[in-house]
Amino acid sequence: MRITAERLSWSVSGTTVVRDVGLDIAAGETVGLLGPNGSGKSSLLRCLAGLRTPSAGTVRYDGEAIGDWSARRIARRVAFVEQTTGTDSELRVTDVVGLGRTPFRDGWRGPTAEDRAVVAAALDRTGLTALADRPWKALSGGERQRAHIARALAQRTWCLLLDEPTNHLDVRHQLELMELLARTEQTVLVALHDLSLAARFCDRVLLMDQGRLVAAGVPGNVLSPDRLAEVFQVDAEVGPDSLGNPAVAYRGVAAPRVDG
Ligand SMILES: Nc1ncnc2c1ncn2[C@@H]1O[C@H](COP(=O)(O)OP(=O)(O)OP(=O)(O)O)[C@@H](O)[C@H]1O
């Protein structure tokens with residue numbers, strides 16, 4: 001599914017948090033959404049997921065404006081893994097993952113055999129099969145994060161939006177998730193703070209700064225030393241690591257700019 005935004009802005013309490021953003025993500029692309037703390041990544045993702053009403057501009061799924069779509073209609077197309085998601089603590093892990101099937105259920109009908117198979121596959125892909133019957137409240141932070149990712153996979157949508165999904169994950173699970181996102185045929189937009197993961201696994205990256213989209217393109221072009229200094233205030237560059245994978249190496253915090 002192609003996801004586009006035209007001149008998208010979102011304001012709250014008199015502050016414009018997302019400012020005039022245009023983007024076009026092709027079906028099947030894996031795109032990283034980068035930017036410093038507070039640059040507007042989560043707010044943009046929420047607008048794209050239909051959870052925020054833009055103050056200006058349009059979001060389109062496959063060319064159709066979603067402005068008047070119901071939450072259920074959106075949830076059949078797009079799954080969203082938020083940074084912090086409240087979940088009923090009395091549920092088991094398998095029940096939480098099963099919530100991903102809700103947009104496809106009729107009325108109060110229980111899960112079908114297909115629903116159960118989809119949930120089992122999502123638990124398997126996130127390495128949670130052994131924890132399926134654990135109470136939600138007994139999970140570690142990283143296990144909860146993986147369960148939220150499993151719930152999004154169980155939605156079986158054509159598009160995945162993820163807000164810093166590698167938070168709380170150990171190195172192996174970070175790599176597994178990024179490999180999954182890079183491999184899947186789903187369209188993926190993933191907010192990341194780890195620029196090396198973005199450089200290695202994303203087809204393209206979008207860079208935000210103070211609510212604006214300031215650059216878009218293949219990671220090697222977007223993450224230039226000048227841009228990293230300007231947007232993140234770090235002295236860094238992108239190059240192959242000792243194994244030949246693209247990575248960002250940091251010398252440190254950038255020296256303050258001397259103008260004139
Ligand atoms: N509901 C809100 N009310 C007031 N301010 C908000 C609201 N939502 C976001 N903001 C502000 O908008 C700015 C952008 O927030 P957002 O969460 O989108 O940034 P982010 O790039 O995802 O940040 P981080 O990397 O820290 O997660 C921040 O300054 C935040 O405080």
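Since we're looking at a predicted model, the values are computed, not measured.

With that settled, the discussion passes to the overall build of the protein. Looking only at helices and strands, the protein has 9 helices and 12 strands in total. Relative to its length of 260 residues, the protein is compact, with a C-alpha radius of gyration of 19 Å against a globular reference of 18 Å. On the principal axes, the C-alpha backbone points of the protein span a range of 70 × 45 × 30 Å. When the 260 residues of the protein are sorted by exposure, 47% land in the buried category. For the protein, the share of sequence-separated contacts (at least 6 apart) that also reach a separation of at least 24 residues comes to 62%. Here the protein displays about 12800 Å² of accessible surface, and carbon together with sulfur accounts for 49% of that area. The protein carries 31 positive and 32 negative side-chain charges, and their two centres are separated by 5 Å.

With that settled, the discussion passes to the site of the ligand. Taken together, 14 residues are adjacent to the ligand, and Asn37, Gly38, Lys41, Ser42 and Ser43 come closest. A distance of 2.8 Å separates an oxygen atom of the ligand from a polar backbone atom of Gly38. One of the side-chain N or O atoms of His193 is found 3.0 Å from an oxygen atom in the ligand. Coverage of the ligand by the protein chains reaches 61% of its 640 Å² of free accessible surface. Of all the secondary structure elements, the ones that give two or more residues to the shell around the ligand are β1 (3-12) and α1 (41-48). Ranked by residues supplied to the shell around the ligand, first place goes to α1 with 3 residues. For the shell around the ligand, the class distribution of residues is 4 nonpolar, 8 polar and 2 charged.

Glancing now at the packing of helix α4 (residues 113-125) against helix α5 (residues 141-154). Between α4 and α5, the least distance of the axes is 8 Å, while the angle of their chain directions is 140°. Classified by the interaxial angle, the pair formed by α4 and α5 is oblique. Where α4 crosses over α5, the two elements pack in a sense that is right-handed. Facing Val118, Ala122 and Arg125 of α4, the residues of α5 in contact are Ala150, Leu153 and Ala154. Taken together, the residues that form the contact of α4 with α5 break down as 5 nonpolar, no polar and 1 charged.

What counts and how
- Residues numbered from 1 in each chain as written.
- Predicted model: local features only at pLDDT ≥ 70, side-chain atom pairs only at ≥ 80, totals over all residues.
- Heavy atoms only, no water.
- Helix = DSSP H or I, 4+ residues; strand = E, 2+ residues; numbered from the N terminus.
- Rg over C-alpha atoms; globule rule 2.2 N^0.38 Å.
- Buried < 20%, exposed > 50% of the residue type's maximum accessible area, 1.4 Å probe, protein only.
- Contact = heavy atoms within 4.5 Å.
- Areas by Shrake-Rupley, 256 points an atom, 1.4 Å probe, with all protein chains shown as cover.
- Lys, Arg positive; Asp, Glu negative; His and termini not counted.
- Charge placed at Lys NZ, Arg CZ, Asp CG, Glu CD.
- Near = heavy atom within 4 Å.
- Polar contact = N/O pair within 3.5 Å; in protein donor to acceptor, adjacent residues only side chain to side chain.
- Nonpolar A, V, L, I, M, F, W, Y, C, P; charged D, E, K, R; others polar.
- Axes fitted to C-alpha atoms, helices over the stretch in contact; angles between N-to-C directions.
- Parallel < 35°, antiparallel > 145°, perpendicular 65-115°, else oblique.
- Left-handed = near helix turned anticlockwise from the far one by under 90°.

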